[in-house]
Structures are given as structure tokens and as C-alpha cells.
Amino acid sequence: MSRMIRVGNAQAFWGDRSAAAAELLSRQPDLDYLTMDYLAEISMSILALQRERDATKGYAQDFVEVVRQLAPYWNSGGKCRLIVNAGGLQPMQCALACKAALEAEGCRTLTIGIVQGDDVLSILKASTEATQFRNLDNNQPLSDVQSRLITANAYLGCNGIVQALRNGADIVITGRVADPSMVVAAAVHTFDWKLDQWDELAGATVAGHLLECGTHVTGGISTDWLNVHNVATIGFPIAEISDDGSCVITKPEKTGGLVSTATVKEQLVYEIGNPAEYISPDCCVSFLKLAVSEVDTNRVAVSGALGKPPPHNLKVSATYRNGYRSAGMLTIFGPQAVLKAQRCGEIVLQRLADAGWEYRDTLVECLGTGDSVPVLPAELRSAQAFETILRISVESEDKNACVAFSKEMIPLVTAGPQGTTGYAEGRPNVHAIFRYWPCLIASNLLHPKIDTLITDDTTQQRTQATSWPSSSSSESPCSSTWSNFQYDATTASDIKTPKRLLDIAFGRSGDKGTGANIGILTRRNSDYEALARWLTADRVHNFFAPLGATEVIRYELPNLFGFNFVVRGILSRIIRNDVQGKALAQALLTMPLDDFPNLSS
């Protein structure tokens, strides 16, 4: 008889809803594990600055409040175990802060496991071999940036977390680990898998990939977002993982959002690179035999993952200092708003040049006209818009040059065109630039270090009896008229003559260093073969060439009736508004279908 565990996710990034964990456990208190992801690729550099200001604060401090909110859950007998990477650069300091918070809340004794060993900054800084730690995106030698490195962390796998769970940890706090590895660890520990059960590990990795971005898989940022019910109360996802590695993706009852084959497939193709070899520190996964099927309302089954051993190297996410940037925005309202905004941008940059300031890059964007991804077909650009957001951004080695820019933009309030407004925030800020440096390190150089803290039982200090869920946490967070709003968009089956790619496909995009992944899926399976002939890598490359795309690689997923396009070089300009490539799929979906072959009826 097969066994199953329920693993939830309540955090997709540092800045996500801090109340989500308590809300999820109030609705699903029988969860076995809850994962929370705090670390994007650039998060470590932010934590490094935070640590510079306070030597004990190199972790996601928001997580301490999450733990504080969950003290009543554990005191009421809740047994869900928490696995998070909120430790950032200082997992032990994070654990100590959580221990203090739990004790202050009058919580029963809990065990906190701490997983460290991912910090490889000293190894990179000490390297003298020219061929070591080259940039995976452009093969640049580390020596070019070695003196400016501020963080370097390897993506560890599930092993350290498994050890912490076996030591009895109720809460596991890590530094940098691969996002899916938190879920893999829960499955390995529960089912007592060996670390060479590749297909089972692959299935859990897929489940982890589906959970790691939180509400992405329950309707968040979906192509058809306006058709997603009650987004104001969108539920965070749950994976019911079986001991063979297959899973069912769902969400708590009486929450908004949607779990469908479309939302699951969109997340499956998100930022995956080669779907035949999705690499994690635990295994390499092939997505090419995955089967996705709806088994009930808001319940989608995923099976068929195939695994093989991981590479002998681990990926390292390093960051280094690279100058300064600043960006400011003003609203230009009135006739010929775009022309006025463009002229305002020219004025600011001319004044700065006349004053002798030098910049590595400058950019003027008229947001609201298509400038976030300026490759749209002409009929979708809004050159005659009556209103636009003027965004001017600069990048320089010299901080003073960026300060000069911040002072030069606001005078447009009186010297610019009539209708210039939206300046209540004042001068734009100047920010340090941290560039991403992906590289590889031999896995045998790293070994996770496991520590344990046990909190003191301070239940006598509690001022009132524990109840879970509290009346506030069990209520819907939003009961306004808007919570029931649903947009009845025209579906693909209603369109008699599809005109754009959006009419027959949907998709999702995201960044990977200076490149991007764009996943595209057919709305109807019968259109897949025709789309495979038409939507070539060359066609996509030509479409995005104005944005600096240097190469496009197309990967096919016939089992999912979709594709993943890896677009190299498209995110090299870090001062763009869409610097993380989140709008690229929406742009690609505007492609006209003028010469599309054999469109099914």
C-alpha cells in the first residue's frame, strides 16, 4: 500500500505574504511539512549589505515574525515541520532569533536544525587557477571580478536537511540550498529513500519545482489571470507526494485561485533550461515523460519523472560589486504625452553630458506604450497615448554621476511639459549594483554542517490559553465585492480566426542570469505539430533581436504540448524596467499568426 505526505509552501520569495504560513496551517493543520523559499539569485548581496550594517543580521528577518505567529500552532499540538532557507548568510543567527521569539511567545520545546556549509566565498577568493570558476553565461574568468566578490554560495542538496530531520528538527533553517531540495528532503526522510533512487528523487524534485514559487501554481501570474477566481484570497499550494515520487498538486478548500492542468504546466516550464536534463544537486530530471492530468476540482496529478545521477559539480551563485544605478519616474499627462516624455529624457541626459558626467548605460522608457519589452507589433504600441510614465535610468562606475542624475530629473516638474506629475516621492535613490556570477564547484569540496538548538519550554509565560486556529486566522482575509470578481475572457475555442500566438498558446517567462527562459504551451493539443513547425528558434531570435538576444535554443516538450526557449543575452541591460524578464512571454504571445500553417479548426 502506497504512503503519502502533504507538503505545502507558504513563501515564494523574500517579500511574499508573511501571514501566509499561519493562514495555510489554519486551513490545513495536518500538513506534514511546510516549505518557505526566501532566496532569489541576488538576495545574498542584499543580505551582505544588511550584515555590513549589523554583523548579526545576515538573514531574512521577516521569517522570525512568521515563527512567532506559528507558536500557538505548535502549542496546540500541531506537528507540521518547517523547512526554510531563510538563514541566508547566517543560518545560526536566524535560528537564535527564532529561538528567542518562540520562548518569548510561551511556546513548548521545539528543536531547530541548522544546515550550513554552502558559503564558498573564501574558496573563490583564494583561487589562482585561470580555468576555475568561469562565468557559466559568458566564460569570463573569475579574475576579472575576484577582488569585487561579496558573496558566493553553492546550491546544496537535500542531504543536510535530511540529517537535521533525522535529528528530530521541528524547524530546519538553511542557507543556500536548491529550492526543490527542501521538498526532496521531506520525502527522503519520510519514505526512507536511498539517495540513488533516481526516479523517486526526480518525482520529488518536480513536486518541489511546482511548489517553490508559491502561488505561481495556483493561478498567480498565469496567462489567463483574469479568469482565476477570487485572487484576493489565493491559496498557497500543497503537494500530496506518494512514495513512488508521483504527486497531486492542490490547495486548501475555501481559498481563491485555481489548480488546473494549465496552471501546473505553466509552472512546470518556468525557468527549467533543458527539460530533458533539469539539473539539481540531488539528481538530473527528465520532464519528457511527465503526465499531467486533472483528477478532481483543484487537484492535478503529476507523474512520470525520470531521474539519473547529478553532475559531480554544484552550481555556485556568486555576486560582485559593479558600480551604481539610479532610476526615476514621472507621469506625463496630456496630448502627445509620449513625444513630450521622450524629449524630457533627452533634456536630462543632455544636461548631464554637458556637465561632464559619464555613464556606462542610459535608458529612456515611456511605460504604458510597450517600452517594457519594445518589440511589440506596431499596432500594439501606443505612440499617441494621452498619458505615459517617463522612466529614465542610468548606470555608472561613479556614484556621484548617479547622484547628479537624481538631482537633474526632478527640475522637470517646473521646466518640463504641462501635465508633468507623479513626483511626490521626490528624487530617485542611488543603488549599488550587484552582478550575478554563476559558476561550478566540485561537490566533493563541500559537506553540510548540521547544528541543533533546543528551545526552552516557556508555556508558563503565556498570558492566555492557546487556540488554533484563532478566529482571525480562520477567516477569509478579504470579503469585499472584489474578492468575487471574475473576468469572462474570450477563450481560444471561441476565436474563429486566431490572429496572434496568444489565441492558440499561453506561457510564462523568467530570468536566468543575463538570459531568460520562455515557456510556451498550446491551448489545444491539436495545434502542437503546426506550432512546432512555425515557432522556430530563428523566429523567436528575430523577434527579440532588438533587445540584444544573442542566441535562442528551443527545447521541445511534446508530452506537455509545449516548448521552452532559452534566450541568451536578452537581460544584459540591468537598468531596463523588465530586468527579470517577467514580461517576455507576454510579448512573444503578441506575435501575429499571418503565415501560421494548417491551423486546426
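Not measured: the values here are computed from a predicted model.

Here we look at the packing of helix α6 (residues 159-166) against helix α7 (residues 181-191)
Here comes step 1: Close contact between α6 and α7 brings their axes to 8 Å; oriented N to C, the two are set at 45°. On the basis of the axis angle, α6 is oblique to α7. In the packing of α6 onto α7, the handedness of the crossing is right-handed. Side by side, α6 and α7 meet where Ile161, Val162, Leu165 and Arg166 of the first sit next to Ser181, Met182, Ala185, Ala186, Val188 and His189 of the second.
Here comes step 2: Grouping the amino acids of the contact of α6 with α7 by side-chain chemistry returns 7 nonpolar, 2 polar and 1 charged.

A look at the packing of aromatic side chains
Here comes step 1: This model, assessed by the stated rule, comprises 12 aromatic pairs.
Here comes step 2: With centroids separated by 5.1 Å and ring planes inclined at 85°, the aromatic side chains of Phe543 and Phe544 adopt a geometry described as edge-to-face.
Here comes step 3: Judged by relative accessible area, Phe543 falls into the buried class, the value being 12%.
Here comes step 4: Classification of Phe544 as buried rests on a relative accessible area of 0%.
Here comes step 5: The structure contains a cluster of three or more aromatic residues connected by ring pairs, namely Tyr528, Phe561, Phe563 and Phe565.

Overview of helix α9 (residues 261-268)
Here comes step 1: With 6 of 8 residues buried, α9 lies mostly within the body of the structure.
Here comes step 2: The set of residues buried in α9 consists of Thr263, Val264, Lys265, Glu266, Gln267 and Leu268.
Here comes step 3: Against α8 (198-211), β8 (247-250), β11 (291-296), β12 (299-303), β20 (505-512) and β21 (515-522) lie the buried residues of α9.

Some details on the packing of helix α10 (residues 337-354) against helix α11 (residues 399-409)
Here comes step 1: For the pair α10 and α11, the least separation of the axes is 10 Å and the interaxial angle reads 135°. Here α10 lies oblique to α11, going by the angle between them. Here the hand of the crossing between α10 and α11 comes out right-handed. From α10, Val348, Arg351 and Leu352 reach across to α11, where they touch Ala404, Phe405, Glu408 and Met409.
Here comes step 2: Grouping the constituent residues of the contact of α10 with α11 by class yields 5 nonpolar, no polar and 2 charged.

Notes on the pattern of salt bridges
Here comes step 1: All chains considered together, the criterion is met by 28 salt bridges.
Here comes step 2: In this structure, the salt-bridge partner of Asp361 is Arg573, at a minimum N-O distance of 2.7 Å. With Asp361 in strand β15 (residues 361-367) and Arg573 in the loop between β23 (562-568) and α16 (584-588), this pair connects stretches of sequence that are 212 residues apart.
Here comes step 3: Its relative accessible area of 17% is what places Asp361 among the buried residues.
Here comes step 4: Across the salt bridge formed by Glu556 and Arg554, the nearest N and O atoms sit 2.6 Å from each other.

Parameters and conventions
- Residue numbers restart at each chain and count upward from 1, following the sequence in its written direction.
- The predicted origin of the model limits local features to residues at a pLDDT of at least 70 and limits the giving and counting of side-chain atom pairs to 80 or more, whereas totals for whole chains, interfaces and linings rest on all residues.
- To obtain the side-chain values, all non-hydrogen atoms of the structure were used and water was disregarded.
- Orientation is described by axes fitted as lines to C-alpha atoms, over the contacting stretch for helices, and by angles from 0 to 180 degrees between their N-to-C directions.
- Under the scheme used here, helices are H or I runs from DSSP no shorter than 4 residues and strands are E runs no shorter than 2 residues, and both carry numbers assigned from the N terminus.
- By definition in this entry, angles of less than 35 degrees are roughly parallel, angles greater than 145 are roughly antiparallel, angles of 65 to 115 are roughly perpendicular, and the rest are oblique.
- For any helix crossing, the convention is left-handed if the near helix is rotated counterclockwise from the far helix by under a right angle, and right-handed if that rotation is clockwise.
- Any pair of residues with heavy atoms lying within 4.5 Å of one another is described as a contacting pair.
- Gly falls in the polar group here, along with every residue not listed as nonpolar (Ala, Val, Leu, Ile, Met, Phe, Trp, Tyr, Cys, Pro) or charged (Asp, Glu, Lys, Arg).
- Each aromatic pair joins two rings of Phe, Tyr and Trp (for Trp, the six-membered one) with centres within 6.5 Å, and gets the label stacked for planes under 30 degrees apart, edge-to-face for over 60, and tilted for any other angle.
- Here's how the labels work: a residue is buried when its accessible area is under 20% of the maximum for its type, exposed when over 50%, partly exposed in between, all with a 1.4 Å probe on protein chains only.
- Salt bridges are defined by distance alone: a side-chain nitrogen of Lys or Arg within 4 Å of a carboxyl oxygen of Asp or Glu.

On their own, these measurements won't tell you what the molecule is for.
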